[in-house]
Every structure is written in structure tokens, then in C-alpha cells.
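Structural description and commentary
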Amino acid sequence: GALKDKIRRLLKEKNAVMVSHYYVHPDLQDLAEETGGIVSDSLEMARFGRDHAAQTLIVSGVRFMGETAKILSPEKTVLMPDLDATCSLDLGCPEDEFSAFCDQHPDRTVVVYANTSAAVKARSDWLVTSSCALDIVSALKAKGHKILWAPDRHLGGYIQQQTGADMLFWNGACIVHDEFKALELEQLKQEHPGAKILVHPESPAEVVALADAVGSTSAILKAAQELDATEFIVATDKGMMHKLRTLNPGKTFYEAPTAGNSATCKSCAHCPWMAMNGLAGVAHVLETGANAVHVDPAIIPRARQPIDRMLAFTA
Ligand code: MLT
């Protein structure tokens, strides 16, 4: 439509490129890819933003993703459709309390999830996303590190179970993944006995225990392409369904049940902050330069260290 044409034109005029997360509206995912940007997870969004020649980055996702882009490219302009798009994991891990927790455990290596503020990143040793957390924690364990993990306790618990690492947890959760329910998932599986269950490790352990494949958005995409099945039940944000269905036209994807299921809302697994991103917002920020992400320059060099480590580890 007209709005998409306007965005295409403005991206060129302003020497801008757009990166979208798998959890945002399909329109924003398709437009990012079609105009030379990407749709991906937070790790690859960060890497792409750092490496791309464009001087302006449009980040369709949530606040920490824009902040990470700005930390990696302070000289670039980073714009977001809505700066109020936050994250429950970020909100649940305020820097002052987190620093106090770290101070109590100076013997532990601090590993934090990408879904955190710049200030929390600046207090950490390593950054991870769900796609590299297992490998990074395994490598740290092999070197004898004891770990302080924040903020997602479900992802942390899963990694501890897989690696046997000595991990101390911050008590955070993602409001979307925390709502998946094991009993209802088993019932849905009975209706579709041939379906394979794909689960994001931010989900509760009882739900992870029912999975045929557990992993990040990129791992879920891979499993859907590689597992020998034509039906899948997917426990992650339903924004993910767009890519899954586009890449696998012959396969059927069902949304895993959440606590809030009802006649009107079959699965309520959609992040309300991801949902704040829209075409109108993208057009508006491109046109006006509004919603520039700001990160305190004083903390950028320290916040960058754990991000650089992660990017180097996964390069
Ligand atoms: C991310 O890094 O984007 C989130 O952890 C979601 C994921 O990719 O699994």
C-alpha cells in the first residue's frame, strides 16, 4: 500500500536500513527483508546493524534491541517506531538491585541475557542470547567459572540442566513465554498426535519437558525445516508463525496454549510491546527523525564489552 511505498522511498532518501525481530508484525518483517535489511533474532539484528553501511538504523523490536544497536554503533542514528516498547525481563532487572546482587557474589562470572538495559549490560562480563547461551555457558564451565545468571530464570534453569554449570539465578521471566501451560499442551498434542512440539527455553520447565526440540527462534526455525513431521505445535511468541509458515508452506503450525486462551484469543502468546511496532510508526520516524535511541555515552564503552565478547564468540 501507500504506507509501504512511502517507507521504501524514505529508506533510500535517508540512507537508512531496517531490521525487524521475528516477533513483530509480518508487514514489518517482510518490508525489512525486501528493502535490504533483515528479520532475525536480537543477536543477528545487532551484528547486522553494526556491519551495515547505512548511517540510520530503524529497529523494529523492543527497546533493548535499539539500545544494543546504539551501543555498537554510537555514531549512527538508531530510530524505533515506539520508544515505550520495553520488555518484561528488562523491567524486572533494575540496575541498582542487580548491581547489589552482583556485589554479593564477587566470585561469580556475570552472564546476562540480551533482554536487559544498557546499565545492566555495563555490569556484566558476558552477554548471551538464547541462540548462544548454551555454548557460552558450557565454555565458561569448562574453564571453571561459577556463574551469576540474569534475568530469565526459565532459560537459566534449562541451561543449568543441560550443562551442569554452577549457576545462581536472578528471578525474572518473560510474560509471554511464562504463560505456556503443560497440561493444555498435552491435550493439544492428543488432538494432533503426529505433531512435533517446538519450545522456546524461556518457557516453564514442565513445558520444555514436553518438547521435541528446545531452542531460540533460529533453532525453532531450523527444527521446523529439519524434523520429519508435517505438523508442529509452537511455544513461542506468535509473531514467529509468519516466518515458520512462509518458509514451510506444506507444513501446519499450531500455537501452543497459554493461560489466557479463550474463544476470542486462541493463543495469547504475543508480546504487547512488540505489538507497538507498526508501519505508521516506521514512516513517522523516518520522516521526522523522531524516537532516536539514546544511551548515556559514559556507559557505552563498558556496556559494549560483553556484547563484543558474544559477537566474537559467535562469529
Ligand atoms: C532473541 O534473542 O531475539 C530472543 O532470545 C528470542 C530468540 O531469538 O530466541
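Report follows, based on the coordinates. (Residues numbered from 1 in each chain as written. Predicted model: local features only at pLDDT ≥ 70, side-chain atom pairs only at ≥ 80, totals over all residues. Heavy atoms only, no water.)

**Side note on the pattern of salt bridges**
Under the convention used in this document: Within this document, salt bridges are pairs made up of a side-chain nitrogen of Lys or Arg and a carboxyl oxygen of Asp or Glu, the two lying within 4 Å of each other. Each helix is a run of H or I in the DSSP string that is no shorter than four residues. Each strand is a run of E no shorter than two, and both are numbered from the N terminus. The rule is simple: take the accessible area with a 1.4 Å probe, protein chains only, and divide by the maximum for that residue type; under 20% is buried, over 50% is exposed, in between is partly exposed.
Tallied over the entire structure, the rule returns 14 salt bridges. Of the charged contacts in the structure, one is a salt bridge between lysine 6 and glutamate 287, with a shortest N-O distance of 3.2 Å. With lysine 6 in helix 1 (residues 2-13) and glutamate 287 in helix 14 (residues 279-288), this residue pair connects regions lying 281 residues apart in the sequence. Arginine 50 is paired through a salt bridge with aspartate 51; the nearest N and O atoms lie 2.8 Å apart. The partly exposed category is assigned to arginine 50, whose relative accessible area is 30%. Among the ionic contacts, a cluster of salt bridges with common partners joins Asp5, Arg8 and Glu34.

**Let's talk about the nonpolar core**
Quick reminder of the rule: To form a nonpolar core, buried Ala, Val, Leu, Ile, Met, Phe, Trp, Tyr and Cys residues must be joined to one another through side-chain atoms within 4.5 Å. Contacts are assigned to residue pairs that have any heavy atoms within 4.5 Å of one another.
Counting residues in hydrophobic clusters, the biggest one holds 108 residues, and the most contacted among them are Ile58, Phe98, Trp149 and Leu244. Once residues within four sequence positions are removed from consideration, phenylalanine 98 is found in contact with Cys93, Val110, Val112, Val120, Arg123, Leu148, Ala150 and Trp170.

**Re the site of the ligand**
Put simply, the test is: Proximity is defined per residue: if any heavy atom of the residue lies within 4 Å of a molecule or strand, that residue is considered near it. As used in this structure description, the phrase polar contact means that two N or O atoms lie within 3.5 Å; if the pair is within protein, one of them must be able to donate a hydrogen and the other to accept it, and residues adjacent in sequence are counted only when both atoms belong to side chains. Each accessible area value is a Shrake-Rupley result obtained with a 1.4 Å probe; residue values ignore everything except the protein chains displayed when judging cover. In this analysis the probe radius is 1.4 Å and the grid spacing 1 Å, with only protein atoms considered; a cavity is a set of points the probe fits into but cannot get out of, a pocket is an open set with protein on both sides within 12 Å along at least five of seven lines, and lining residues have an atom within 4 Å of a point. More than half of a molecule's atoms within 2 Å of the grid points is what it takes for that molecule to sit in a cavity or pocket. For this classification, Asp, Glu, Lys and Arg are treated as charged, while Ala, Val, Leu, Ile, Met, Phe, Trp, Tyr, Cys and Pro are nonpolar and the rest, including Gly, are polar.
Surveying the vicinity of the ligand reveals the residues His21, Tyr23, Asp41, Ser42, Tyr113, Thr129, Ser130, His200, Glu202, Ser216 and Thr217. In the model, an oxygen atom of the ligand is placed 2.6 Å from a nitrogen or oxygen of the histidine 21 side chain. Taking 260 Å² as the accessible area of the ligand by itself, protein coverage stands at 98%. Using a 2 Å cut-off from the grid points, one finds that the ligand occupies the largest cavity. Taken together, the residues of the shell around the ligand sort by class into two nonpolar, seven polar and two charged.

**Structural notes on helix 2 (residues 26-34)**
Owing to its 3.6 residues per turn, the α-helix brings residues three or four apart onto one side. Restricting attention to buried positions, one finds in helix 2 the residues Leu28, Gln29, Leu31 and Ala32. Looking at the buried positions of helix 2, the neighbouring elements they touch are helix 1, strand 1 (16-21), strand 2 (38-40), strand 3 (56-60), helix 13 (241-247) and helix 14. At the C-terminal side of helix 2, glycine 36 shows a positive phi close to 95°.

**Points about the environment of valine 137**
Residue placement: valine 137 occurs in helix 8 (residues 133-142). For the pair formed by valine 137 and histidine 242, sequence separation is 105 residues and the distance between their alpha carbons is 31 Å. Those residues in contact with valine 137, other than ones at most four positions away along the chain, are Ile147, Trp149, Ile159, Thr163, Ala165 and Met167.

**Notes on the sheet that holds strand 1**
Stated precisely, the cut-off is as follows: What makes two strands pair is DSSP finding at least two bridges between them. Note on method: axes are straight lines fitted to C-alpha atoms, helices fitted across the in-contact stretch only, with angles between N-to-C directions ranging 0 to 180 degrees.
The strand order 2-1-3-4 describes an open sheet built from four strands, whose pairing is parallel. What marks the edges here is a single partner per strand, and that holds for strand 2 and strand 4 (77-79). Ignoring strand direction, the axes of neighbouring strands in this sheet form an average angle of 20°. When strand 1 meets strand 3, the two strands line up parallel, connected through five bridges. Bridge pairing in strand 3 places serine 20 opposite serine 60. Packing of helix 4 (residues 63-72) onto the sheet brings it into contact with strand 1, strand 3 and strand 4, and relative to strand 3 it is tilted by some 155°.

**A word on the packing of helix 1 against helix 2**
Defined as follows: Crossings are classed by handedness, with left-handed meaning an anticlockwise turn of the near helix from the far one by less than a right angle and right-handed meaning a clockwise turn.
Contact geometry of helix 1 with helix 2 gives a least axis separation of 11 Å together with a crossing angle of 35°. Classified by chirality, the crossing of helix 2 by helix 1 is right-handed. Of helix 2, the residues touching helix 1 (which contributes Lys4, Ile7 and Arg8) are Asp27, Leu31 and Glu34. Here the contact of helix 1 with helix 2 is built from residues that sort into two nonpolar, no polar and four charged.

**With respect to the packing of aromatic side chains**
What counts here: Only Phe, Tyr and Trp rings take part, Trp by its six-membered ring, and two of them pair if their centres are within 6.5 Å. Stacked means planes under 30 degrees apart, edge-to-face means over 60, and tilted covers everything else.
This structure, assessed with the given rule, holds four aromatic pairs. Both rings, one in phenylalanine 101 and one in tryptophan 170, keep their centres 5.5 Å apart while their planes meet at 65°; by these two values the pair is edge-to-face. Placement of the pair is phenylalanine 101 in helix 6 (residues 95-104) and tryptophan 170 in the loop between strand 8 (167-169) and helix 10 (182-191), with a sequence separation of 69 residues. Owing to a relative accessible area of 15%, phenylalanine 101 belongs among the buried residues under this scheme. Relative accessible area serves as the criterion here: at 11%, tryptophan 170 is assigned to the buried category.

**Quick look at the sheet that holds strand 9 (residues 196-199)**
The four strands lie next to each other as 10-9-11-12, forming an open sheet whose pairing is parallel. Two strands lie at the open edges of the sheet, namely strand 10 (213-214) and strand 12 (252-255), each paired on one side alone. Bridge count for strand 9 against strand 10 is two bridges, and the pairing is parallel. Within the sheet, the bridge partner assigned to valine 199 lies in strand 10 and is valine 214.

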